[in-house]
Amino acid sequence: MILISTGAMAQALPNSSIELFCAKRANAAGKALENLFVACVEAERSSLADLQSNWTDYSAPSRAQCLKNFSNRSLYSDLEACIEAADAVRAGSGK
């Protein structure tokens, strides 16, 4: 887990089991399991790497807002999309 200090409050990039989530997704699909699993894992690892390298660049309010809904059963790609959308809204509103 990566801990990043942002002023008075530290926010951490949460841990999620990529392989477990992708296995559940592939099993639910019922076909082309291996291809779906591999594609899912690659996409989630890419999103995790992006989050790790850009974590301090995202605004603390956007991270906090999106982390409220993140659990260890969530997708990193969803977290990344949420934070980027929240930052875009904040940038557009001048906050």
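For the structure given in this document, a descriptive report is provided here. The shown structure was predicted, so the numbers you read here are calculated from the model rather than taken from an experiment.

**Details of the environment of glutamate 19**
Here's step 1: Summarising the element assignment, glutamate 19 is placed in helix H1 (residues 18-29).
Here's step 2: Judged by relative accessible area, which is 35%, glutamate 19 ranks as partly exposed.
Here's step 3: C-alpha separation for the pair glutamate 19 and valine 41, spaced 22 residues apart in sequence, amounts to 6.3 Å.
Here's step 4: Each residue touching glutamate 19, except ones within four places of it in the same chain, is listed here: Phe37, Val41 and Arg45.

**Digging into the nonpolar core**
Here's step 1: Residues Leu13, Ile18, Leu51, Trp55, Tyr76, Leu79 and Ile83 are the most contacted members of the largest nonpolar core, which totals 15 residues.
Here's step 2: Elements with a contribution of two residues or more to this core: H1, helix H2 (33-54) and helix H4 (76-93).
Here's step 3: Not counting chain neighbours up to four residues away, the residues in contact with isoleucine 83 comprise Leu51, Trp55, Tyr58, Ser62, Arg63 and Cys66.

**Section: H4**
Here's step 1: Here H4 spans 26 Å end to end across 18 residues, near enough to the 26 Å set by a 1.5 Å rise per residue.
Here's step 2: Of the residues making up H4, those classed as buried are Tyr76, Leu79, Glu80, Ile83, Ala86 and Asp87. With its buried residues spanning 135° around the axis, H4 presents them on a single face. Exposed positions of H4 whose direction lies more than 90 degrees from the buried face are Val89 and Gly92.

**Some remarks on the packing of helix H3 (residues 60-67) against H4**
Here's step 1: Look at H3 against H4: their axes get within 9 Å of each other, and the N-to-C directions meet at 135°. Relative to H4, the element H3 is oriented oblique. Classified by chirality, the crossing of H4 by H3 is right-handed. Between H3 and H4, the contacting residues are Pro61, Ser62, Arg63, Gln65, Cys66 and Leu67 on the first element and Leu79, Cys82, Ile83, Ala86, Asp87 and Arg90 on the second.

About the criteria used
- Residues numbered from 1 in each chain as written.
- Predicted model: local features only at pLDDT ≥ 70, side-chain atom pairs only at ≥ 80, totals over all residues.
- Heavy atoms only, no water.
- Helix = DSSP H or I, 4+ residues; strand = E, 2+ residues; numbered from the N terminus.
- Buried < 20%, exposed > 50% of the residue type's maximum accessible area, 1.4 Å probe, protein only.
- Contact = heavy atoms within 4.5 Å.
- Core = buried A, V, L, I, M, F, W, Y, C linked by side-chain atoms within 4.5 Å.
- Expected span 1.5 Å × (residues − 1).
- Arc of directions from axis to C-beta.
- Axes fitted to C-alpha atoms, helices over the stretch in contact; angles between N-to-C directions.
- Parallel < 35°, antiparallel > 145°, perpendicular 65-115°, else oblique.
- Left-handed = near helix turned anticlockwise from the far one by under 90°.

These figures come from the coordinates and say nothing about function on their own.
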